[in-house]
Amino acid sequence: MKFGLILLFSTFAGVLSGEHFHSFMAGFGIAAIAVGSAYWLAFRCSARYPQLAFLMLLMGLMAKIGVTITGVLWGIEAQVINSPFVFSLSYLFFAIVVTYLYSVLRERQMAREAAKSAKELAEKTA
């Protein structure tokens, strides 16, 4: 149901921004790359060392800011972003959506790993 709502809102926003579709897609692309790079950096280490985890979170934040600034500068220079309002709304919406989707993916991966290790432990004790 949640994925259906996300798809519905995305399609509706794309239709409403028909005249500024390039700005809409630039917001989507930059948000997806920025959140993806931040996510990739932030979750590369275990939580065994809190200082390292904090450093990786800060590096993820800086990567997200860097990708966003670079993407906006490229979009303005290439004249892809012709409506800053549509771009900013698209970027905000898709940053939230992509963060949610990455979180769901991470949760499923962790559950799968936990089930696998529980199964291995049960096989060893049996």
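Scroll up a little and you will see the structure.
Engineer: For this particular structure, what's the right way to read the packing of aromatic side chains?
Structural biologist: How two aromatic rings sit relative to each other is set out by the distance from centre to centre and by the angle between their planes. Evaluated as defined, the whole model comprises seven aromatic pairs. Ring centres of Phe 24 and Phe 94 lie 5.5 Å apart, and the angle between their planes is 70°; this geometry places the pair in the edge-to-face category. Of this pair, Phe 24 sits in helix H2 (residues 21-42) while Phe 94 sits in helix H4 (residues 84-125); the two residues are 70 residues apart in sequence, bridging distant segments of the chain. Classification of Phe 94 as buried rests on a relative accessible area of 7%.

Engineer: I'm lost on H4 in this one. Help?
Structural biologist: Count 3.6 residues to each turn of an α-helix, and residues three or four apart come out pointing the same way. Between its first and last C-alpha atoms H4 spans 61 Å; for 42 residues at 1.5 Å apiece the expected length is 62 Å, and the two agree. Those residues of H4 that sit buried are Val 86, Phe 87, Ser 90, Tyr 91, Phe 94, Ala 95, Val 97, Val 98 and Val 104. Residues of H4 that are buried make contact with helix H1 (2-16), H2 and helix H3 (50-77).

Engineer: What should I look at first to understand the packing of H1 against H4 in this one?
Structural biologist: Each pair of packed helices gets described by two things: the angle between the helix axes and the distance between those axes. As a packed pair, H1 and H4 sit with axes 12 Å apart at the nearest point and diverge in direction by 160°. With respect to their mutual orientation, H1 and H4 come out roughly antiparallel. Handedness of the crossing formed by H1 with H4: left-handed. In contact with Lys 2, Phe 3, Ile 6, Phe 9 and Ser 10 of H1, H4 contributes Phe 93, Phe 94, Val 97, Tyr 100, Leu 101, Val 104 and Arg 108. Here the contact of H1 with H4 is composed, by residue class, of nine nonpolar, one polar and two charged.

Calculation notes
Residues numbered from 1 in each chain as written. Predicted model: local features only at pLDDT ≥ 70, side-chain atom pairs only at ≥ 80, totals over all residues. Heavy atoms only, no water. Phe/Tyr/Trp six-rings, centres within 6.5 Å; stacked < 30°, edge-to-face > 60°. Helix = DSSP H or I, 4+ residues; strand = E, 2+ residues; numbered from the N terminus. Buried < 20%, exposed > 50% of the residue type's maximum accessible area, 1.4 Å probe, protein only. Expected span 1.5 Å × (residues − 1). Contact = heavy atoms within 4.5 Å. Axes fitted to C-alpha atoms, helices over the stretch in contact; angles between N-to-C directions. Parallel < 35°, antiparallel > 145°, perpendicular 65-115°, else oblique. Left-handed = near helix turned anticlockwise from the far one by under 90°. Nonpolar A, V, L, I, M, F, W, Y, C, P; charged D, E, K, R; others polar.

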